[in-house]
Amino acid sequence: MKNTVLLVLALVYFPVLYSQQNRLSEQAGKIAGNKKIPSGYEFQLSNAIARITAYNATTIRVRVARQKMTDDFSFAIDDLQPKGKLSDLKISGTIYSFSTDSLTVNINSDPFRVSVLNSRGEDLCSDEPGLGISWFGNQVSCYKKMYADEKFIGLGEKTGDINRRGNFYQNWNSDIPGYNLNQDPLYSTIPFFIGIHGKVVYGIFFDNTHKSYFNFGGGADEELFHFGADDGEMNYYFFGGSSVQQIIKDYTLLTGRTPMPPLWSLGFQQSRYGYNSQKQLLDVATSFREKQLPADAIVSDINYMDNYKVFTWSNKYPDVKGMMDQMKQMGFDVVTIIDPGIKVEKGYKQYDEGVANNYFAKYPDGHYYIGHVWPGRCHFPDFTKPAAAAWWGRSFKEAYVANGIRGFWNDMNEPAAWGREFPNLIEFGEGKDKKTLFTVKNAYGLLMAKATFLGTKDLLNGQRPFVLTRAAYSGVQKYSAQWTGDNVASDDHMLLGFRLLNSMGLSGIPFVGMDVGGFVGNPSAELFVRWMSLGAYSPFFRNHTAIDNNYREPWLFNDWNTDKIRKILEQRYTLMPYLYSMFYRAHTTGMPINRMLPIDYTFDENVYSDKFKNQFLFGDNMLVCPVASTQNILEVYLPGNTSWYRFSDNKIYEGGQPVYVPSPLDDLPVFVKAGAVIPMQSVVQNTKEKGDGILYLHVWKGKGKTSFTYYEDDGNTYNYEKGDYCKREIVYDAAASTVTIEKKEGNYISKFNKVKMVLHGFGKPPGKVADLPDDTITITIP
């Protein structure tokens, strides 16, 4: 009898269990109907709804959900309206197809599977036939076919090699101090990657802020890859441009591009967690000027606050306005850190205002979430509420902007709390816009950066704020620079740091940097010098360290090393016209400043090699080869079928080959492409200094014609948006032995009224100083 009961129970129970498991794993089903929608088509599936729309000729959106689609929304994208033109839908057997001018979308109708082909009919990327878009409970994934030679680059701030193939990654913004060399996840979520196979490329941006996953063939299965998230829609944008550069251009057209930064923010920034008085900040600034070490900013970590309460100053800063007046007389700006945590303390202005106006994140029962961070018990602003975001922005006025501060460093915005994860059920927003932390966490840093940028931009009355963030989501480049968090003082971390920067740049964020010297630990003098020499080739250039580490001002590593560091800083400032022009390129096209080599040399297998994975282009024309502080000889790869000149001594090398080169501490291996034109200026101590008024045009002998777009504006306001800028094409014609500076575009009066040619590889001395008129001038190379 007992066995009979068990058998009956088994027969009843296991079919139910089997049925439940079946329902948990489900694939997109058969097309049951379709209709035309603006710039696309909607397909009714047996178990879901799919919409495919064109944003332009090379950008296609795929959106699939099991339930009726709600209002469209994105934290990353401001304009969600598709504007592309599509052909009529064609049906041939089980295949539905339509095209843009550049792409063809083929859809298998039973079951629903998507393939995208280029104009030559080559497959760019296709759903895996058996799985396609799949659900497991609420988790949604998209399985794609993977080619035998396929490589993957991108995903922003991710450790490891630049080729992501064979690895698994997840996105869940986390506070990871002293992270290891393979740590994942880190502080930010940039769910955008580029696939490369054969002679084609494509990109995918998976716009879903839930905890997400990317598995590029990790494990035994080498015929498919997949990406997905713990909840939400399968919502991705497919980029089918013909080059990596075009894909980056399309991705940043969608998610936004960086505004022109304040010029001073591109100068050297000196920082330390531990500067704790007005006098100490002024003493550090004064020492830079006395020792003639160029710098533009002093950065104040949390020690400036009254008991770590944001928007306050401690009594060790008795006259902030007076301090800032002295700083500005020395040509310095000050950057202050700001955390999201608002101390629970009655009488504290930000706490009282936040509670009174319902600006903080809550539990479902309505009481405010409390997490412990630097000030102790804290509430956290709900940046999804427009009123709360605007209040946050206004809060910068009294303590910061009114005192002359223009730099704002957002930290702890993953968001981070000590000893615990924020519960996923914490609520943000209200009414139909209500979301939980499960949805908002990965976007919180982006929302904080946005509120900080928009608020301070409004308060600065036309001046540009500098905003820096640790946590981020796609689109953050519209509001903020980003740095790589709490790194470690080691050669390996230094080299990893540049792979991170290069991947972040590829992923749409051009204004990036790291803590030079490492935040955790103490670098040797040799490591610090090497790191400084590399930091000069990062868009954001800051020396920073933790409170319990040795002081790290550049003059504390003996006079011999101080002289080396001075030359490094001087070189950074002489390159400022080149760097600022590259930011204009980023602003208008999305092209990063630091470029991993696959951007320009996509199908050259050598650029993915473990030996050369750290190398990058700094702008259009300079090749930087990172090297450990202990290594005096380095094997480098010089890509392309062009010649390269060593920047330091003009020694020429043929491209397309690896070579061994010296790499002493005072001569980082940096090369300049033959035919390059690089504008430079005289040595200045800060970006506000006028210099000698001469634009030094450095030209490296090459073949054919090359050009460079020179750009300049006031570096401080948004007047460039109204035409107040100076832009000129500079053309080097090797056959004619001329350099032509074309007629100025824009209304800005350049700070350079003279020009001087500096020739490399010609066997000629520098040219004479000549007038630099607004009209076209041609200079003959003797």
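Residues numbered from 1 in each chain as written. Predicted model: local features only at pLDDT ≥ 70, side-chain atom pairs only at ≥ 80, totals over all residues. Heavy atoms only, no water.

### A look at the overall build of the protein
Defined as follows: Only DSSP runs of H or I reaching four residues or more are called helices, and only runs of E reaching two or more are called strands; each is numbered from the N terminus. Only C-alpha atoms enter the radius of gyration, while the globule expectation follows 2.2 Å times N to the 0.38, with N the number of residues. Accessible area is worked out with a 1.4 Å probe on protein chains only. A residue is then buried under 20% of its type maximum, exposed over 50%, and partly exposed in between. Pairs of residues are marked as contacts when any of their non-hydrogen atoms sit within 4.5 Å.
Counting its regular elements, the protein contains twelve helices and 50 strands. The C-alpha radius of gyration computed for the protein amounts to 28 Å, which stays within 12% of the reference 28 Å derived for 782 residues, consistent with globular compactness. Projecting the C-alpha coordinates of the protein onto the three principal axes gives extents of approximately 100 × 70 × 50 Å. Across the 782 residues in the protein, those meeting the buried criterion constitute 63%. A sequence separation of at least 24 residues applies to 68% of the contacts in the protein between residues at least 6 apart.

### As for the packing of helix α10 (residues 525-535) against helix α11 (residues 559-574)
Worth spelling out the cut-off: Inter-axis angles, ranging from 0 to 180 degrees, are taken between N-to-C directions of lines fitted to C-alpha atoms, where helices are fitted over the stretch in contact. An angle below 35 degrees is read as roughly parallel, one above 145 as roughly antiparallel, one from 65 to 115 as roughly perpendicular, and any other as oblique.
Relative orientation of the contacting elements α10 and α11 amounts to 10 degrees, with a least axis distance of 9 Å. By the angle class used here, α10 and α11 are roughly parallel. Contacts from Ala525, Phe528, Val529, Met532, Ser533 and Gly535 of α10 reach α11 at Asn561, Lys564, Ile565, Ile568, Leu569 and Arg572.

### Examining the sheet that holds strand β26 (residues 376-379)
We apply this condition: Paired strands, in this sense, are two strands between which DSSP finds at least two bridges.
Read across the open sheet, the three strands follow the order β24-β26-β25; overall the sheet is antiparallel. Two strands in the sheet have a free side with no partner beyond their single neighbour: β24 (342-343) and β25 (371-373). Judged from the two bridges that link them, β24 and β26 form a sheet pairing that is antiparallel. Bridged to Ile342 within β26 is His379.

### Side note on the pairing of strand β17 (residues 200-206)
Summarising burial for β17: seven of the seven residues are buried, a large majority. Here strand β16 (residues 192-197) pairs with β17 via six bridges, running antiparallel. Looking across to β17, one finds that Ile194 is bridged to Gly203. Hairpin connection of β16 to β17: two residues between the antiparallel strands, including Gly198 at a positive phi of 55 degrees. Bridge count for β17 against strand β20 (residues 234-239) is four bridges, and the pairing is antiparallel. Residue pairing across strands places Phe205 opposite Tyr237, the latter belonging to β20.

### Some details on empty space enclosed by the protein
To keep it simple, the criterion reads: Two kinds of site are reported from a 1 Å grid over the protein atoms alone, namely cavities, where a 1.4 Å probe fits but cannot get out, and pockets, open sets with protein on both sides within 12 Å along at least five of seven lines, and residues are called lining when an atom falls within 4 Å of a point. Grid points are joined across faces, edges and corners, and a volume is the space filled by probe spheres set on the points. Gly is put with the polar residues, along with every residue not named as nonpolar or charged; the nonpolar set is Ala, Val, Leu, Ile, Met, Phe, Trp, Tyr, Cys and Pro, and the charged set is Asp, Glu, Lys and Arg.
Considering all chains together, one arrives at two cavities of 30 Å³ or more under this definition. Of the volumes computed, that of the largest cavity is approximately 110 Å³. What lines the largest cavity is a set of 16 residues, among which Pro259, Pro261, Pro465, Tyr479 and Phe511 lie closest to the centre. Partitioning the lining of the largest cavity into residue classes produces twelve nonpolar, three polar and one charged. In this structure, the second largest cavity spans a volume of roughly 40 Å³. Lining the second largest cavity are Tyr308, Val310, Asp339, Pro340, Gly341, Val373, Trp374, Pro375 and Met412. A class-by-class count of the residues in the lining of the second largest cavity yields seven nonpolar, one polar and one charged.

### Some remarks on the sheet that holds strand β14 (residues 168-171)
A sheet is described by the order of its strands in space; here six strands give the open sequence β1-β11-β12-β19-β18-β14, paired in antiparallel fashion. In the strand order of this sheet, the two ends are held by β1 (25-27) and β14, each with one partner. The average angle at which neighbouring strand axes cross in this sheet is 20 degrees, direction not considered. As defined by bridge partners, β14 adjoins strand β18 (residues 212-215) across four bridges and the pair is classed as antiparallel. Looking at the pairing, Asn171 lines up with Ser212 of β18.

### Notes on the side chain of Ser109
Of note, Ser109 is situated in strand β8 (residues 103-109). For Ser109, a relative accessible area of 9% corresponds to the buried category. When near neighbours in sequence (up to four residues on either side) are disregarded, Ser109 contacts Gly29, Lys30, Ile31, Thr94 and Tyr96.

### Focus: helix α6 (residues 386-394)
When α6 is considered as a whole, its buried residues turn out to be Ala388, Ala389, Trp391, Trp392 and Gly393. Where α6 is buried, its residues touch β23 (333-338), β24, α5 (349-356), α7 (396-399) and α8 (437-459).

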